[in-house]
Amino acid sequence: MKMKLGWLVVTVMVLNLSSPCSAWFGFGNKQKTSKNSILPAQPSIINRAAHGSSIIIPLYGNVYPVGFYNVTLSIGQPPRSYFLDVDTGSDLTWLQCDAPCSHCSETPHPLYKPSNDFVPCKDPLCASLQPSDDYECESPDQCDYQIDYADQYSTLGALVNDVYLLNFTNDVQLKVRMALGCGYDQTFSPSYHPLDGILGIGRGKTSLVSQLNGQGLVQNVVGHCLSSQGGGYVFFGNVYGSFRVSWTPMSSTDSKHYSAGPAELAFGGKKSRSGSLTVLFDTGSSYTYFNSKAYKALISWLKKELHKVPISVAADDQTLPICWRGKKPFQSIREVKRYFKPLALTFSNAGKVKTLFEIPLEGYLILSNMGNVCLGILNGYEVGLGDLNIIGDISMQDKVMVFDNEKHLIGWAPADCTRLPRSRAFGISSY
């Protein structure tokens, strides 16, 4: 099993190098396409899309054994389908790109053929991808970028505008021109899985939700619902109605990620004494990562809880660092509910009403193909995360997660993520 640490961005930098790929993008006669952001540009249609509407896209995949959740998006003229890994831990949406490509992996579809509508180097979208405000431009007509992710994966490319074919919940279909990355040189990590690219839905300017909001199409709200049975959905825009959501503020010290805290970790309803934790909610990570202190406290608690139960460590199961076997192979996580207890994070919300993020057994255990149960919470220190705590896919399953960038709130509620919501019935309310 390849463990995907995540697409969490750790650094970005401007490129000051010349290569056949950058020369293809940066020089020569370029016949740019129209700059109209919406096609067709009919005000009545735009207003219909923007007025209380949203976008809901089905998800495919699972935490184990697939290791990721992805969407299918139609991009380009004519539109072509691409599979993209959904990542709340980064901003840029990009495709592996035939520019030509120096280093591209196997992809489910032919490599993306980029448009000639280049994003200029000094465009605000380009500036948001650079390490500082005083970055230099090798070519003023072209935005070069490099993004390095937390699992040692990286992508180098150029920013272009192209058309996304999107279906809104009020039965409007629009061709929306937005920026995306043409990744023509990638460095792959051992955890890489073959996809066409990444769907970045973080908090930055290049994020798909930020661009949709900038064009007046949806409110700056994004969310997802990951099913433990596989599949689910991701949504863009504010929605109202049925779900009763628990809210906690986004961190005021981290403007790049969906971060919240401080939170107190509890094991089986009892405080862990592992200190206050700031956590990042990141769909780019299959599993959850605690800092060294919290992880050691978790392992110590588990050893005490499992001391006299009829299960033992399965050292021969390499699915995850720690697995346990029973007298016979387990058929489901339900079979170990008498041995394991739920976890929880309690957010203090600046001394006001506390908000509970519950992590049931399915939120931190997986059933391996050997019939063992394995711990889906890992030591972040061992993979270079330092004191970061990442809530990954496994712990967000069977919850609707809402990231409200307008109110700076993160919310969640129990949900059946196997059922794609109807546009008018789907909604959020608060306690």
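Rules behind the numbers
Each chain carries its own residue numbering, running from 1 in the written order of its sequence. Local features in this predicted model are restricted to residues whose pLDDT is 70 or higher, and side-chain atom pairs enter the listing and the counts only when it is 80 or higher, whereas totals over whole chains, interfaces and linings include all residues. Hydrogens and waters are ignored; side-chain quantities use all the structure's heavy atoms. Strands here are runs of E lasting at least two residues and helices are runs of H or I lasting at least four, both read from the DSSP assignment and numbered beginning at the N terminus. Exposure is judged per residue with a 1.4 Å probe applied to protein chains only, and the accessible area is read against the type maximum: over 50% gives exposed, under 20% gives buried, and values in between give partly exposed. Whether two residues are in contact is decided by their heavy atoms: any pair within 4.5 Å suffices. Each accessible area is a Shrake-Rupley result for a 1.4 Å probe, and residues are judged covered by the shown protein chains and nothing else. A pair of aromatic rings is counted whenever rings of Phe, Tyr or Trp (Trp by its six-membered ring) have centres within 6.5 Å, and the orientation is called stacked for planes under 30 degrees apart, edge-to-face for over 60 and tilted otherwise. As used here, the term nonpolar core means buried Ala, Val, Leu, Ile, Met, Phe, Trp, Tyr and Cys residues forming a set that is joined through side-chain atoms within 4.5 Å. Criterion used throughout: strands pair if DSSP finds at least two bridges between them. The disulfide criterion used throughout: a pair of cysteine sulfur atoms within 2.5 Å. Each salt bridge in this description consists of a side-chain nitrogen of Lys or Arg and a carboxyl oxygen of Asp or Glu lying within 4 Å of one another.

Peer 1: Just checking my understanding: could you explain the overall build of the protein chain for this structure?
Peer 2: When you go through the protein chain residue by residue, the secondary structure sums to six helices and 27 strands. Here the protein chain, with 431 residues, has 57% of them falling under the buried criterion. Pairs at least 24 apart in sequence give 72% of the contacts found in the protein chain among residues at least 6 apart. When the accessible surface of the protein chain is totalled, it reaches about 18,600 Å², and 51% of it is carbon and sulfur.

Peer 1: Even after reading the chapter, I still don't get the packing of aromatic side chains, so can you show me in this structure?
Peer 2: To describe a pair of aromatic rings, you give the distance between the ring centres and the angle between the ring planes. Enumeration according to the criterion identifies 13 aromatic pairs in this entry. Plain terms: the ring middles of F281 and F357 are 5.6 Å apart, the flat faces sit at 65° to each other, and that makes the pair edge-to-face. In this pair, F281 is assigned in strand β15 (residues 270–281) and F357 in strand β20 (residues 355–359), connecting sequence segments 76 residues apart. Judged by relative accessible area, which is 1%, F281 ranks as buried. An angle of 50° between the planes, with centres 5.6 Å apart, marks the rings of F347 and W412 as tilted. Of this pair, F347 sits in strand β19 (residues 343–347) while W412 is found in strand β26 (residues 409–414), placing the two residues 65 residues apart along the sequence.

Peer 1: Please explain the nonpolar core as it appears in this structure.
Peer 2: One broad rule of soluble globular proteins: the nonpolar side chains tend to lie buried together. Membership of the largest hydrophobic core comes to 94 residues, with the highest contact counts inside it found for F281 and F340. Apart from residues lying up to four places away in sequence, F281 is in contact with T88, Y258, A260, F347, F357, I391, M396, M401, F403, I410 and W412. Counting 16 residues, the second-largest nonpolar core is a separate cluster that includes L125, Y135, Y149 and L159.

Peer 1: Quick question: what am I supposed to make of the sheet that holds strand β22 (residues 373–375) here?
Peer 2: The pairing of strands in a sheet happens through backbone hydrogen bonds and is either parallel or antiparallel. Strand order across the open sheet formed by four strands is β17-β18-β22-β21, with antiparallel pairing between neighbours. What marks the edges here is a single partner per strand, and that holds for β17 (312–313) and β21 (365–367). Direction of pairing for β17 relative to strand β18 (residues 323–325): antiparallel, over a ladder of two bridges. Within the sheet, the bridge partner assigned to S312 lies in β18 and is R325.

Peer 1: What's the story with the state of the cysteines in this structure? I'm lost.
Peer 2: For the coordinates displayed, the defined rule picks out six disulfides. Note that C101 is cross-linked by a disulfide to C104, the S-S spacing being 1.9 Å. Between C101 and C104, the disulfide has an S-S torsion of 95° and is therefore right-handed. In this structure C101 comes out as partly exposed when scored by relative accessible area, which is 23%. Between C121 and C137 runs a disulfide, and the two sulfur atoms are separated by 2.0 Å. Here C121 and C137 share a disulfide; its torsion about the S-S bond, -90°, makes the bridge left-handed.

Peer 1: Would you explain the pattern of salt bridges in this entry?
Peer 2: Pairing of side chains with opposite charge becomes possible as their charged atoms draw close. Enumeration according to the criterion identifies five salt bridges in this entry. Of the charged contacts, one joins K113 and D98 as a salt bridge, the two residues approaching to 2.6 Å between their closest N and O atoms. Of the two residues, K113 sits in the loop between β6 (94–96) and α3 (124–127) while D98 sits in the loop between β6 and α3, which places them 15 residues apart along the sequence. In this structure, the salt-bridge partner of K341 is E305, at a minimum N-O distance of 3.6 Å. Of this pair, K341 sits in the loop between β18 and β19 while E305 sits in helix α5 (residues 292–305), and the two are 36 residues apart along the sequence.

Peer 1: How should I be thinking about the side chain of S227 in this particular structure?
Peer 2: Within the fold, S227 resides in the loop between β11 (221–226) and β12 (232–236). Once residues lying within four places of it in the same chain are set aside, the contact partners of S227 are Y69, G232, Q397, D398, C417 and T418.

Peer 1: For this particular structure, what's the right way to read unusual backbone geometry?
Peer 2: Negative phi is the rule for most residues except glycine; trans is the rule for most peptide bonds. For the peptide bond that leads from Y64 to P65, omega is 10°, which places it in the cis range. Turning to its location among the elements, P65 is positioned in the loop between β3 (55–62) and β4 (68–75). The omega torsion of the bond from G261 to P262 falls at 0°, within 30 degrees of zero and hence cis. Residue placement: P262 occurs in strand β14 (residues 259–267).

Peer 1: Help me understand the pairing of β12, please; the structure alone is not making it clear to me.
Peer 2: The side chains of a regular strand alternate between the sheet's two faces. Among the five residues in β12, five count as buried, and that is most of the element. A two-sided burial pattern is seen for β12, the buried positions comprising G232, V234 and F236 on one face and Y233 and F235 on the other. Two elements, β3 and β12, share five bridges in a ladder whose sense is antiparallel. Looking at β12, one finds that I55 is bridged to F236.

Peer 1: For this particular structure, what's the right way to read the pairing of strand β25 (residues 399–404)?
Peer 2: Within β25, six of the six residues are buried, which leaves it mostly tucked inside the rest of the structure. Side chains K399, M401 and F403 of β25 all project onto a buried face; the interleaved residues V400, V402 and D404 project onto the opposite face, where all are buried too. Bridge analysis of β11 against β25 gives five bridges, and the strand direction is antiparallel. Counterpart to G223 in the pairing with β25 is V402. Alignment of β25 against β26, held across six bridges, turns out to be antiparallel. Across the sheet, residue D404 finds its bridge partner in β26, namely L409.

Peer 1: How should the environment of L217 be read in this particular structure?
Peer 2: Among the secondary structure elements, L217 is positioned in the loop between α4 (208–214) and β11. Exposure remark for L217: the relative accessible area of 0% places this residue in the buried category. It is 9.7 Å that separates the C-alpha atoms of L217 and F236, two residues lying 19 residues apart in sequence.

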